[in-house]
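Overview (structure and organization)
These are the residues of each chain, in order.
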Amino acid sequence: MPTPSPVEYLDEKGETKTITNYIELTGDESPDDPMFKNGGWFVVKGEVTYDEVQGNYLPFELQIDEDWNRLGPDVNLILADGAKLTAKNENSEMWFRNLAVYAQSTGENMGKFEVYAENSTAISVFNAFTVYGGSVKAISKNSDGISAGSVTVHGGIVDAAGTSSADYSGYGIYASDENVIVNGGSVSAAGFRGILGSGGIEINGGDVDATATGVSDEYNFSYAIGSWYDVNVNGGSLTVHAKDKSSYGVYVSGSVAHLNAGEVFADGEGSGFAARPSCSSSGVELAGATVTTNRYTYIDDLGPKSDFFVKVAVNVLYTDGEGNVFEGSIFKWDDLVGEFIDKLDVVAGKTLRPVKPNIVVTQDGEGKIHAEINGNYIGEDDFIITDRIEVDEVKFERDFTTEGYSTIVLPFNIKTSLLVGVDSVLSFDGIVLDENKKKAVAMQVVWEKSMEEVELQAYTPYMIKMSDKSLEILGSVVLETTRDAVTEKDGWEFRGTYSFMKWTEDSPDLGRVYGFAASSEGDVSVGQFVKIAAGASIRPLRAYLIHNVPSTVRANGYYANRNVASIKDELPEQMNLVIVGKDKNGEEHTTVIGQFNTRSGEFRANSVKRVYDLKGRPVNKDVQKVRGAYYGKNLLH
């Protein structure tokens, strides 16, 4: 027999390997051929079909000795580019001791392996079923799509479907002894139970889409993905669909769904998450993934409700994008007060996102240093840089308005030519009298597009007008040691922020602090400075205006303490925001660009009766107070 020509395939690392000792499947082999019992390396080229109805099936058969040891076959299947191996089984069942599937490429031309079963499991593997590449489809009408001791997907496409009937408890993918692990690729699974990992489930990368197609009864629960051990989502994306109102998306029994990273999305008529305490507590932990679901459900047939929980992991914060911040327990039994902490209705139907650290500095494999600054940070950790550090690239994450001006503080010097998305920059120039002899907030033009470049200074509060909703910074910068970011003039300070700040009724500076409205709502316009009320907040690397109260004033030749309340009362109800400049004749003039509105001490749109924060967003009085330090100080040394 001539030596087969070498065949290439991609291994588990995606590297190209070559093999010459293999058997090519052609579709006309005898079912008694020992290769189906012995296993080995097999290659499929072109289109090859095995059809039991036509008397030609793919007869891989599990070999068992007298002591019930499984002897084989161990099969390594290489799908050549453009190849398609199809097996159609009526009653017969393919069995492997171990099965690994490889491809020659990762594109649309990668080979396919498709199995369609009528009354049996489409692909049965006693030990490990591993997919390194290729497209694998396993569909069973009355049983499981894929059943194996363990299932691991490194790449490629896996599409598996089992029956929707509770009589068979059909699984799309079933790991009977160990884990289902997805490290990459695309996985779709549907059935009465879409994916079950008896030893747990790990999603580290790739995209997983699982559907519960059945109807739960008293003894059998239909769910998209579940386990009696932990479900860990460490990356990639997980989408679950609970079609019937009695079914579930992610199901854990006596275990925990740890949502550590990536994205998790649940939809359908049934509950997105369900936990069934049995022998131990069971629930959901939000630990870094972005999570969207309609609701979280407790199943009460085996364990008490007090063993059910939904919580945010330690040192993590979550936000719903509506000003609400979540930490600690969302649902749990509190022994101290003898009742449940229950915020499930607050989070139901929302997308919860983790709060990113305020600054992260990393070094890549080439030695380049990268900085990511989170201008949307809502934790209480201060933005602190202890030593100057040069970084090759800096990303500034923040959502800007293009309707008017925004306040900003940068921790580095930067030339305006290296800022992409900025139209103009203003600096605070004190309080002046406008043309109506009323107090106004004065700003000077530092730079605009018609001018030559200038260098903006680190830790100086500015106002900027954006042409884009994001700010791009070109080239390298030097992160400067943190220092006060204040511009002071005539008893007023334009003060930068380094952490998420929130004012309460007890804040001593309440009534003297003004924030800039960067968005419109109701009768409130972009460009107004607003005297803040309790509940208002501001994020880091922005700025607000505050009137300083002198500790003493001259009175009849003596220094005496002055009543702070009287200072607040003297602050005007309205102050125009103006740009101060000189015309071509050198005469100073002002241009009104907005208003500094202080009416009733609240930023309120009369038409909708809402209270606003410093960013012009509605203030939710039920928002949880952010407490403590969560990401560490992120000190740079």
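Residues numbered from 1 in each chain as written. Predicted model: local features only at pLDDT ≥ 70, side-chain atom pairs only at ≥ 80, totals over all residues. Heavy atoms only, no water.

1. With respect to the pairing of strand S1 (residues 7–10)
Note the cut-off: Strand pairing is assigned whenever DSSP detects at least two bridges linking the two strands. Under the DSSP-based scheme used, a helix requires at least four consecutive residues in state H or I and a strand at least two consecutive residues in state E, with every element numbered from the N terminus.
Two strands pair when backbone bridges link them, and S1 and strand S2 (residues 16–19) are joined in this way by four bridges, in the antiparallel orientation. Bridging across to S2, glutamate 8 finds its partner in threonine 18. Remark: five residues form the turn of the hairpin made by S1 and S2, two consecutive strands paired antiparallel; glycine 14 in that turn has positive phi of roughly 80°.

2. Considering the packing of aromatic side chains
To keep it simple, the criterion reads: Any pair of Phe, Tyr and Trp rings, taking the six-membered ring for Trp, is counted once the centres come within 6.5 Å. Such a pair is stacked with planes under 30 degrees apart, edge-to-face with planes over 60 apart, and tilted for the rest. Each residue's exposure class comes from its accessible area (1.4 Å probe, protein chains only) as a fraction of the maximum for that residue type: buried when under 20%, exposed when over 50%, partly exposed otherwise. Sitting over a ring, as applied to charges here, requires NZ of Lys or CZ of Arg to be within 6 Å of the ring centre and within 35 degrees of the ring normal.
All chains considered together, the criterion is met by 20 aromatic pairs. Geometrically, the ring pair formed by phenylalanine 60 and phenylalanine 96 is tilted, given 5.0 Å between the ring centres and 35° between the ring planes. Separated by 36 residues along the polypeptide, phenylalanine 60 in the loop between strand S5 (47–51) and strand S6 (63–64) and phenylalanine 96 in strand S10 (residues 95–96) bring together distant segments of the chain. Comparing phenylalanine 60 with phenylalanine 96, the two get one shared label, buried. Aromatic pair tyrosine 171 and tyrosine 174: ring centres 4.3 Å apart, planes at 20°, arrangement stacked. Here tyrosine 171 and tyrosine 174 have matching classes, each one buried. In this structure, lysine 305 packs its charged tip against the face of phenylalanine 340, placed 5.5 Å from the ring centre. Of note, lysine 311 hangs over the ring of phenylalanine 309, and the distance from its end group to the ring centre comes to 5.1 Å.

3. What to know about the sheet that holds strand S38 (residues 369–374)
As a reminder of what qualifies: In this description, a line fitted to the C-alpha atoms serves as the axis of each element, helices being fitted only across the stretch in contact, and the angle between N-to-C directions of two axes falls anywhere from 0 to 180 degrees.
Spatially, the three strands line up as an open sheet ordered S37-S38-S40, and their pairing is mixed. Strand pairing shows two members of the sheet lacking a second neighbour, strand S37 (359–363) and strand S40 (393–397), which therefore form its edges. Ignoring which end each strand starts from, the neighbouring axes of this sheet average 15° apart. Note: S37 against S38, five bridges, orientation antiparallel. The partner of glutamine 363 across the bridge, within S38, is isoleucine 369.

4. Focus: the environment of isoleucine 414
Selection criterion: It only takes one pair of heavy atoms within 4.5 Å for two residues to be counted as in contact.
Among the structural elements, isoleucine 414 can be located in strand S42 (residues 414–415). Spatially, the C-alpha atom of isoleucine 414 lies 9.0 Å from that of valine 478, the residues being 64 residues apart in sequence. Apart from residues lying up to four places away in sequence, isoleucine 414 is in contact with Leu419, Val454, Glu455, Leu456, Ile473, Leu474 and Val477.

5. Topic: the confidence of the model for the chain
Parts of the prediction with low pLDDT should not have their coordinates interpreted in detail. Short version of the rule: How sure the predictor is of each residue is captured by pLDDT, a score from 0 to 100.
The pLDDT averaged across the chain works out to 82; a share of 83% of its residues lies at or above 70. Ignoring residues within four places in sequence, the model shows residues 551–569, a span with pLDDT below 50, making 21 contacts including any to other chains. Segment residues 595–637: pLDDT under 50, and 157 contacts once partners within four positions in sequence are set aside and those in other chains are kept.

6. Thoughts on the nonpolar core
To be explicit about the condition: In this text, buried Ala, Val, Leu, Ile, Met, Phe, Trp, Tyr and Cys residues form a nonpolar core when linked through side-chain atoms within 4.5 Å.
Counting residues in each nonpolar core, the largest one holds 81 residues, and the members touching the most others are Ile123, Phe129, Ile173, Leu259, Leu286 and Tyr296. Aside from chain neighbours lying at most four places away, what touches phenylalanine 129 is Leu99, Val101, Val136, Ile146, Ala148, Ser150, Val151 and Thr152. Membership of the second largest hydrophobic core comes to 32 residues, among which are Ile389, Leu456, Tyr462 and Ala485.

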